Amino acid sequence: MVESPSQQQTWSQRFESALHPAIARFNASIGFDIELIEYDLTGSQAHARMLAHTGIISPAEGAQLVAGLEQIRQDYRQGLFTPGVDAEDVHFAVERRLTELVGDVGKKLHTARSRNDQVGTDTRLYLRDQIDQIKQQIRAFQTALVELAEQHVETLIPGYTHLQRAQPVSLAHHLLAYVEMTQRDWERLGDVYRRVNILPLGSGALAGTTFPIDRHYVAELLDFDQVYGNSLDGVSDRDFAIEFVCAASLIMVHLSRLSEEVILWASEEFRFVTLTDSCATGSSIMPQKKNPDVPELVRGKTGRVFGHLQALLVLMKGLPLAYNKDLQEDKEALFDSVKTVSACLEAMTILMREGLEFRTERLNAAVAEDFSNATDVADYLAARNVPFREAYNIVGRVVKTSLASGKLLKDLTIDEWQAIHPAFEPDIYAAIAPRQVVAARNSYGGTGFEQVRQALVRARSQLNH
Ligand code: ARG
């Protein structure tokens, strides 16, 4: 078997021959952990500075290592550094390149460090950036929702329970529900961040190190809030990744629910919305079709992120302390979750911004042609001293007879109303008009226009926070 020079360098003299090439490929993570390279370089620069700061290496050596790592960063950005599988992983790739660039001093970089605490550090640095970016994307999505909502305060849409028409609501109110959900997502990510932002570096392979390192100095350089207090936990904790994918899963739940609604609304059965050409696709065979591919894909991709959450939970559950190679499997799940949630947020933001044309005539007709004002009739009687449950039963009978005669509530004559109950007066017609039905729900957090306007103000000020 051919012994590659990289492997001679990678492992100790304990090994007499090289890995089987297929095993090398199987073992390698460079194909995906290259994603971490910038974070690996940043983490290694901080480590090198700490080694110099504590006198473990000389200041000149520290400076050489930092400069060499910076050179690798530039080379990588310019496409001049593209390590292959022979490097095994990004950490070895960088270390090997560093030694090529700066000579033997490069071999000092790994003093007082293990790939175990290194990879944990890289992953946290990566995830911090991704969380910041996803939080910004949530803000953009919320802004698009709020802008759409501002145009539709007085647009009415049927509100559903059990997917049965229940009570009409302001379309803005409906859209603002998603702003609330994603606000929780935004806050949850901030909370996850606190537990991502703990530094494992200095845990060594599992037990700490014999060198007089200064972990708090590294934490300060890399802007970590804390350092892990237990080295075994430091190298083997992936709670932060699971928490992130859990938060990502909830974001996907919210995007998927909205997607499902858009898909329904765009159907011929609902006809509440038309998808604009910039956000819809055609069929290769049925020329009349306009398909809601964007929300369908978002709904579909949601399962992927849930799958990653499950994968990470199962990955961890049987692992004895401390590091196990199984942990290499955390990366693809994490990276794909980040990419998926980010791509879905971007697509849904565009969909909200320019993809939907609400068919207001159709919506107005929808809320006028059903019995979704029945509760308001009961409320009308209850406000006139008929106990609510009794009023509810009376209205049930009214709906039954109206259905039988093919009439809507608004079509009943005043004599018919008064025959049902003497408390009905001509103002019943105004009370059950859809606009009034919505306006009247003026309780805090309700769909009344006044409440919705206040909710929009609150949402706006939250976005500017
Ligand atoms: N590529 C490895 C991972 O992603 C880096 C750490 C390897 N550590 C080890 N002891 N083999 O987990």
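Keep in mind it's a predicted model, so treat the numbers as computed, not measured.

A. Structural context of the layout of surface pockets. The calculated volume of the largest pocket comes to roughly 380 Å³. In terms of lining residues, the largest pocket is bounded by 17 residues, among which Gly159, Tyr160, Thr161, His174 and Glu261 are the most central. Elements represented by at least two residues in the lining of the largest pocket include exactly β1 (156-161), β2 (164-170), α8 (171-196) and α11 (239-265). Considered as a void within the structure, the second largest pocket measures approximately 310 Å³ in volume. For the second largest pocket, the lining is made up of 14 residues, of which Ala266, Ser267, Glu268, Lys289 and Lys290 are closest to its centre.

B. Molecular detail of helix α15 (residues 374-383). Residues of α15 that are buried include every one of Ala374, Asp376, Val377, Ala378, Tyr380 and Leu381, and no others. Positioned one or two residues after α15, asparagine 385 has a phi angle of 75°, which is positive.

C. Here's a closer look at empty space enclosed by the protein. The full count for this structure, using the stated rule, is two cavities of 30 Å³ or more. Estimated volume of the largest cavity: approximately 40 Å³. Lining the largest cavity are His47, Met50, Ala112, Leu201, Gly202, Ile213, Asp214, Arg215 and Val218. Of all the elements in the fold, those that place two or more residues in the lining of the largest cavity are α4 (37-53) and α9 (215-221). Put simply, the second largest cavity is a space of about 30 Å³. Looking at the second largest cavity, the residues that line it are Asp40, Gly43, Ser44, Arg113, Gln118, Thr121, Asp122 and Leu201. If you list the elements that add at least two residues to the lining of the second largest cavity, you get α4 and α7 (115-151). For the lining of the second largest cavity, a count of residues per class yields one nonpolar, four polar and three charged.

D. Focus on the site of the ligand. The ligand sits among Ser29, Asp33, Asp89, His91, Arg115, Asn116, Val119, Tyr323, Gln328 and Lys331. Residue aspartate 89 places a side-chain N or O atom 3.1 Å away from a nitrogen atom belonging to the ligand. Interatomic distance of 2.7 Å between a side-chain N/O atom of lysine 331 and an oxygen atom of the ligand. Computed on the free molecule, the ligand has an accessible area of 340 Å², of which 87% lies beneath the protein chains in the complex.

Reading guide: rules and limits
- Residues numbered from 1 in each chain as written.
- Predicted model: local features only at pLDDT ≥ 70, side-chain atom pairs only at ≥ 80, totals over all residues.
- Heavy atoms only, no water.
- 1 Å grid on protein atoms, 1.4 Å probe; cavity = no way out; pocket = protein on both sides within 12 Å on 5 of 7 lines; lining within 4 Å.
- Points joined across faces, edges and corners; volume = space filled by probe spheres on them.
- Helix = DSSP H or I, 4+ residues; strand = E, 2+ residues; numbered from the N terminus.
- Buried < 20%, exposed > 50% of the residue type's maximum accessible area, 1.4 Å probe, protein only.
- Nonpolar A, V, L, I, M, F, W, Y, C, P; charged D, E, K, R; others polar.
- Near = heavy atom within 4 Å.
- Polar contact = N/O pair within 3.5 Å; in protein donor to acceptor, adjacent residues only side chain to side chain.
- Areas by Shrake-Rupley, 256 points an atom, 1.4 Å probe, with all protein chains shown as cover.

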